[in-house]
Amino acid sequence: TTTTTTMGFLFVIAIAGGMWRPETRDGFPLGAEAATIEIDSNGMRYTIDDNSTVQFYKDFSGTTERIGPYHLSERAQHIKNEFTDPYDWANSDYLQDFESYMAEFCEVSGGDDWDTFTEYMFTPSDGGVQNRVASDTFMTKYLNETILDNDAPDAGRFEKVEKTVKDMCGMHAVLRYLFEGFTPTNNNTNWDKAAAVYYGHTYTGSLSHRANYLGGQFNTMDGSNSDTNRKINTAFIHGKDSSTEVKEEQYEIIEHQMRIVYAQGIIKYAHQVDKAVAAGSA
């Protein structure tokens, strides 16, 4: 990922009492000046017009952190990396990390999938009465219930956390920003935010990484990227700077391809369960 200055001057900012100095990634400066972000995620390219729309600095009780749509992937990976064996659920801070750095971008109403998420009916595994998520903060609710579920095996609880912060959070943010890219008006900034979430500041932890991971397992790779990733990348590019009608068409393509990715995930785990049942180890 590279950053290219688009203004003839630099903004100098003070952070934590010191002078701001540009960070670098892949040898290129990353700073607070208005700049484009040239995404190159494993060969998948996309240009974000203004880096300040997808990343910004925020003070957390005297500690300044860079957050935003572009940084959801690294935050998700950070939470995942906090889990080491033996797990310390009582003293873990993953829920606090999620609420501080991710929730405001993921648990925000909007998009034509939001009602489905918040009104989703499910049957608990114990065969109890059907319930609805019915919460605008259903991801936080789910994570909080996970940390309190001491009867569940550690491995299962870890999977719940990982799939929420890395997949559910990212998927909802992408779909919401895409939808707001053409509804109620044409908005290229929101389209850029969707791409920023999908590709991420760090490849590991991103939805793009997940698509390639599952593509490799299902032998649906096209070179170094999955077939789904290539179609999503093309749709992102075609939707940018286009009409609302074209954006809506590309939204449907991206949503469909992400459904394929997670259908692969469902099949993968169903196969693992089937093998475990057959072996008597489930």
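Residues numbered from 1 in each chain as written. Predicted model: local features only at pLDDT ≥ 70, side-chain atom pairs only at ≥ 80, totals over all residues. Heavy atoms only, no water.

## A closer look at the overall build of the chain
1) Next: Across its full length, the chain carries 10 helices and 13 strands.
2) Next: For the chain, the residues scored as buried account for 44% of the 282 residues in total.
3) Next: In the chain, the proportion of contacts linking residues at least 24 apart, taken out of those at least 6 apart, comes to 63%.
4) Next: Working note: accessible area of the chain is about 14,200 Å², and carbon and sulfur atoms make up 52% of it. (Helix = DSSP H or I, 4+ residues; strand = E, 2+ residues; numbered from the N terminus. Buried < 20%, exposed > 50% of the residue type's maximum accessible area, 1.4 Å probe, protein only. Contact = heavy atoms within 4.5 Å. Areas by Shrake-Rupley, 256 points an atom, 1.4 Å probe, with all protein chains shown as cover.)

## Observations regarding the pattern of salt bridges
1) Next: Under the defined criterion, the tally for this structure stands at 17 salt bridges.
2) Next: The salt bridge involving arginine 210 is made with glutamate 162; its shortest N-O contact spans 3.5 Å. In this pair, arginine 210 sits in helix α8 (residues 207-217) while glutamate 162 sits in helix α6 (residues 154-179), placing the two residues 48 residues apart along the sequence. You'll find arginine 210 and glutamate 162 in the same group, each marked buried. (Salt bridge = Lys/Arg side-chain N within 4 Å of Asp/Glu carboxyl O.)

## Looking at the state of the cysteines
Chemically, a disulfide is nothing more than a covalent bond linking the sulfur atoms of two cysteines.
1) Next: Summed over the entire model, instances satisfying the criterion amount to one disulfide.
2) Next: Through a disulfide, cysteine 106 is tied to cysteine 169; the S-S separation comes to 1.7 Å. Residue cysteine 106 is located in helix α3 (residues 103-106), and its partner cysteine 169 is located in helix α6; the two are separated by 63 residues in the primary sequence. Of the two residues examined, cysteine 106 and cysteine 169, each falls in the buried class. (Disulfide = S-S within 2.5 Å.)

## Topic: the environment of proline 86
1) Next: With respect to the helices and strands, proline 86 occurs in the loop between α1 (72-81) and α2 (94-101).
2) Next: The class of proline 86 is exposed, set by a relative accessible area of 68%.
3) Next: Expressed as a C-alpha distance, the spacing of proline 86 and aspartate 154, which sit 68 residues apart in the sequence, is 8.7 Å.

## Comments concerning the packing of α2 against helix α5 (residues 138-148)
1) Next: In contact at an axis separation of 10 Å, α2 and α5 are set at 170 degrees when each is read in the N-to-C sense. Classified by the angle their axes make, α2 and α5 are roughly antiparallel. Contacts between α2 and α5 pair Tyr94, Leu95, Phe98 and Glu99 from the former with Met139, Thr140, Leu143, Asn144, Thr146 and Ile147 from the latter.
2) Next: By residue class, the composition of the contact of α2 with α5 is six nonpolar, three polar and one charged. (Axes fitted to C-alpha atoms, helices over the stretch in contact; angles between N-to-C directions. Parallel < 35°, antiparallel > 145°, perpendicular 65-115°, else oblique. Nonpolar A, V, L, I, M, F, W, Y, C, P; charged D, E, K, R; others polar.)

## Quick word on helix α7 (residues 188-199)
1) Next: End to end, α7 covers 17 Å across 12 residues, agreeing with the expected 16 Å (1.5 Å per residue, within 8%).
2) Next: Those residues of α7 that sit buried are Asn190, Trp191, Asp192, Lys193, Ala194, Ala195, Ala196, Val197, Tyr198 and Tyr199.
3) Next: The N-cap residue of α7 is asparagine 187: its side-chain oxygen and the backbone nitrogen of threonine 189 are 3.1 Å apart. (Expected span 1.5 Å × (residues − 1). Polar contact = N/O pair within 3.5 Å; in protein donor to acceptor, adjacent residues only side chain to side chain.)

## What to know about the pairing of strand β6 (residues 35-41)
Remark: a regular strand shows side chains that alternate across the two faces of the sheet.
1) Next: The element β6 is largely enclosed, with a buried count of five among its seven residues.
2) Next: The sheet contact formed by β6 and strand β7 (residues 44-48) spans five bridges and is antiparallel. Considered in β7, the bridge of serine 41 is made with methionine 44.
3) Next: The antiparallel hairpin formed by β6 and β7 contains two residues in its connecting segment, where asparagine 42 sits at a positive phi of about 55 degrees. (Pairing = 2+ DSSP bridges.)

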